[in-house]
Amino acid sequence: MRLRPRFAVVAVLLALLAAPLDLVGPPAAVDAATGAATSGRDSARLDRIVRFLQDTQNDDGGYGGMPGAASDPLISAWVGIGLAAAGINPQDQKAPGSRTRSVATYLEAQGPITSGGRPPVTTEFERIGMFVNAAGMDPRSFGGRDYVRSLLERQSPSAWEPPAAAAPAGGAAPDLSAAAPPVGPGSLPTDGSSSSTARVPASTVPAGWFPHVQGGTAPGVNDTIFAIFFLAGAGGTDTKEPIARAARAVEAMQRPDGTWPAVRPGDGTSVDMTGAAIQALCAARRCGTVAVRRAMTWLKAHQQPDGGWQAGDLADERPGESNAGTTPWVVQALWATGTDPATWRRGGRDPLAFLGTLQRREGSIRWRESRDLNPTWMTAYAAPAFAGQAWPVPAPPRRAEVRREARAAAAKEAREERVASRRRVPQSGERGDAGDASTDGGVVSGGGGGRGADLFSRPQPQSRGATTGGVRDTERDQERRDGTRGRDGATGTAAASGPGDDGGVQNGERGSAEDAGGTSISGDVVQEPRGTQGTQRERAIAPGLRSARAGDAAPPWAMIGLGGLAVAVFLAGIGLERRIPRDVLS
């Protein structure tokens, strides 16, 4: 199970090295219901948590159990996981005034904790590996070590059979994990005084379990549970079968009452580990099993009057007093199963409301109401619960990536606004009909764009008038085309149009139609330059094209005059011919 903040950080670390404790954290999600929607109340509390964690970072990039304490790899990993749950990539959480020292570089340099020259305990690989996943880094190459292989090498290929004498008289449990017995915070009560702490006969555990130490001959409950979190986040084909076998082992280690012990099969109930086991089974895609349902039923029945949960395996717990080390893990189990924590109320409070009562103004979380130890650690534990995250926690994007995406989104929005502004042309007539409309640059006229098309919507490529299209505001294209400039700089530019099969237009053809008022329109589509009238207007547009503006054409006096002149010349020729002598013609 997890270390309890009952002593100073040094004592906590000694306990970590001595016993199989659940000192590991979350990475990328597999099947858990992560990122669930949280209330505005909980989001505000999460913001204060983040500010507190960022303000307490040490110059080397790491964190201690409380502000000002020396950096510790265990605490630093939990803080990094909590920040990732809140959406801050641990690689971006830099030390004050530093561009390079982050919580990630600190852990990469520290590596797993060892003691007395012995190999690291299994939970060291799991906790660091899960931090690496939450940071979006490679657990197969972190600080020069392959954490995935180091862990898989410890998975048992054979089943474990419980010893014949699982519990000596008096309830004291033998050391089944080949590690030193638990000491300090998190020690299991051995007096068998309650059903939750009493040992029960252990069952056979199938192959796939993990020992607490290298070469261990007995399963470690939390070692096996947190192996699932790490491997699920690491991904890869080499982790699928190990995850499935570990999940079967976890189910076999469940107690008859539906709970799980923290350390060894058959030990007393650990509420913390029960919450973690539910999340692990969900991460292994076994969320709908009987084991999960039995555990959820037990947790619901044992919610405390203050809305939270007690650890269940601490001798000094006050009746009815919940803590911030246990309650977040249960809340995460609720998120994993798709259960809204707000629906689990006791004494008028839901579990997140209870955690809120332990939060100080600066954002830190007390361990429990009557005692406050290791506030940085407890605050990091609470972050995923308030963020709506079950384990494994997915890696959030890097800060630079977020900025790039924000810039790209802003640029896209600006482009869409420019396009939309070009299409804001007043309409007349019905959709798809011919007509004319005025713009800042003059008048645009022509056929519609097909059935259902806006009157002056942009022609669609290769639509041939059958889809939304029609004429466009040609002034917008004047910088890209050649033409003749009008008096005020407008350019008359042609846009092809013609009759279509469905009453629309076809590119490259000449056509005619009527606007909503019945006025005939013909010719290629052009824009009338601003400030031009009559002949001047016609001269201003592209050669060979005539403005298709409806109902505004000047009388063709020039053409009438030319026609009259031709008739006069013809008549004069006839008269001349009659006056020529016939002998000249003979």
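Predicted model only: the values in this text are computed from it and were never measured. (Residues numbered from 1 in each chain as written. Predicted model: local features only at pLDDT ≥ 70, side-chain atom pairs only at ≥ 80, totals over all residues. Heavy atoms only, no water.)

**Some points on the pattern of salt bridges**
- Evaluated as defined, the whole model comprises 16 salt bridges.
- The closest approach of N and O atoms between E153 and R149, which form a salt bridge, is 3.9 Å.
- According to the relative accessible area criterion, E153 is exposed, its value standing at 60%.
- Residue classification places R149 among the exposed positions, given a relative accessible area of 52%.
- Shared partners join several salt bridges into a network, and the residues in it are R41, D42, R45, R345 and D350. (Salt bridge = Lys/Arg side-chain N within 4 Å of Asp/Glu carboxyl O. Buried < 20%, exposed > 50% of the residue type's maximum accessible area, 1.4 Å probe, protein only.)

**As for the environment of A353**
- Examined against the element boundaries, A353 turns out to sit in helix α12 (residues 351-357).
- Under the relative-accessibility criterion, A353 is labelled buried at 14%.
- Residues A353 and G308, 45 residues apart in the sequence, show an inter-C-alpha distance of 8.7 Å.
- Discounting chain neighbours no more than four positions away, the residues touching A353 are R41 and R45. (Helix = DSSP H or I, 4+ residues; strand = E, 2+ residues; numbered from the N terminus. Contact = heavy atoms within 4.5 Å.)

**Some details on the packing of aromatic side chains**
- The final tally for this structure, using the stated rule, is 13 aromatic pairs.
- Judged by centre distance (5.8 Å) and plane angle (45 degrees), the rings of W78 and W391 are tilted. Placement of W78 in helix α3 (residues 73-85) and of W391 in the loop between α13 (375-387) and α14 (399-422) is noted, with a sequence separation of 313 residues between them. Of the two residues examined, W78 and W391, each falls in the buried class.
- Note on W329 and Y381: the rings are 5.7 Å apart at their centroids and 75 degrees apart in plane angle, and the pair reads as edge-to-face. Taken together, the residues W329 in helix α11 (residues 327-336) and Y381 in helix α13 connect sequence positions 52 residues apart. As far as the burial class goes, W329 and Y381 line up, both buried.
- The side chain of R145 reaches across the aromatic face of Y147, ending 5.9 Å from its centre. (Phe/Tyr/Trp six-rings, centres within 6.5 Å; stacked < 30°, edge-to-face > 60°. Lys NZ or Arg CZ within 6 Å of the ring centre and 35° of its normal.)

**As for unusual backbone geometry**
- The amide bond that connects W391 to the next residue, P392, takes the cis arrangement and shows omega of -5 degrees.
- Looking at the secondary structure, you find P392 in the loop between α13 and α14.
- For R285, which is not glycine, the phi dihedral falls at a positive 65 degrees.
- Counting through the fold element by element, R285 comes out in the loop between α9 (271-283) and α10 (290-301).
- On the accessibility criterion, R285 (58% relative accessible area) is exposed.
- In this model, N374 sits at a positive phi of 50 degrees, which is unusual for a non-glycine residue.
- Tracing the chain through its elements places N374 in the loop between α12 and α13.
- The class of N374 is buried, set by a relative accessible area of 1%.

**Things to note about the nonpolar core**
- Residues W78, I225, F226, I228, W260 and W391 are the most contacted members of the largest nonpolar core, which totals 97 residues.
- Considering each element in turn, this core owes the most residues, ten residues, to helix α7 (residues 221-234). (Core = buried A, V, L, I, M, F, W, Y, C linked by side-chain atoms within 4.5 Å.)

**Let's talk about a positive patch on the surface**
- A contiguous patch of positive charge on the surface is contributed by R399, R403, R404 and R407.
- With respect to the element layout, R404 can be found in helix α14. (Patch = residues over 30% accessible without salt bridge, like charges linked within 9 Å, V, L, I, M, F, W, Y side chains within 5 Å. Areas by Shrake-Rupley, 256 points an atom, 1.4 Å probe, with all protein chains shown as cover. Lys, Arg positive; Asp, Glu negative; His and termini not counted. Charge placed at Lys NZ, Arg CZ, Asp CG, Glu CD.)

**Digging into α9**
- Counted at 1.5 Å a residue, the expected span for α9 with its 13 residues is 18 Å, and the 19 Å between its end C-alpha atoms agrees.
- Judged by how many residues are buried, α9 sits mostly within the fold: 13 of 13 residues are covered.
- Following α9 by one or two positions, R285 adopts a phi angle in the positive range, close to 65 degrees. (Expected span 1.5 Å × (residues − 1).)

**Notes on the packing of α3 against helix α5 (residues 122-134)**
- Running from N to C, α3 and α5 cross one another at 30 degrees; their axes reach a closest spacing of 9 Å. The orientation of α3 with respect to α5, classified from their angle, is roughly parallel. The handedness of the crossing between α3 and α5 comes out as left-handed. Here L74, A77, W78, G80, I81 and A84 of α3 lie close against α5, whose contacting residues are R127, F131 and A134.
- In terms of residue class, the contact of α3 with α5 is made up of seven nonpolar, one polar and one charged. (Axes fitted to C-alpha atoms, helices over the stretch in contact; angles between N-to-C directions. Parallel < 35°, antiparallel > 145°, perpendicular 65-115°, else oblique. Left-handed = near helix turned anticlockwise from the far one by under 90°. Nonpolar A, V, L, I, M, F, W, Y, C, P; charged D, E, K, R; others polar.)

**Quick word on the confidence of the model for the protein**
- Of the residues in the protein, 62% have a pLDDT of 70 or more, and the chain-wide mean is 75.
- This stretch, residues 521-552, has a pLDDT under 50; its non-local contacts, to residues over four places away or in other chains, come to 96 contacts.
- Counting contacts from residues 579-586, a segment whose pLDDT is below 50, to residues more than four positions away or on other chains yields one contact. (pLDDT = per-residue confidence, 0-100.)

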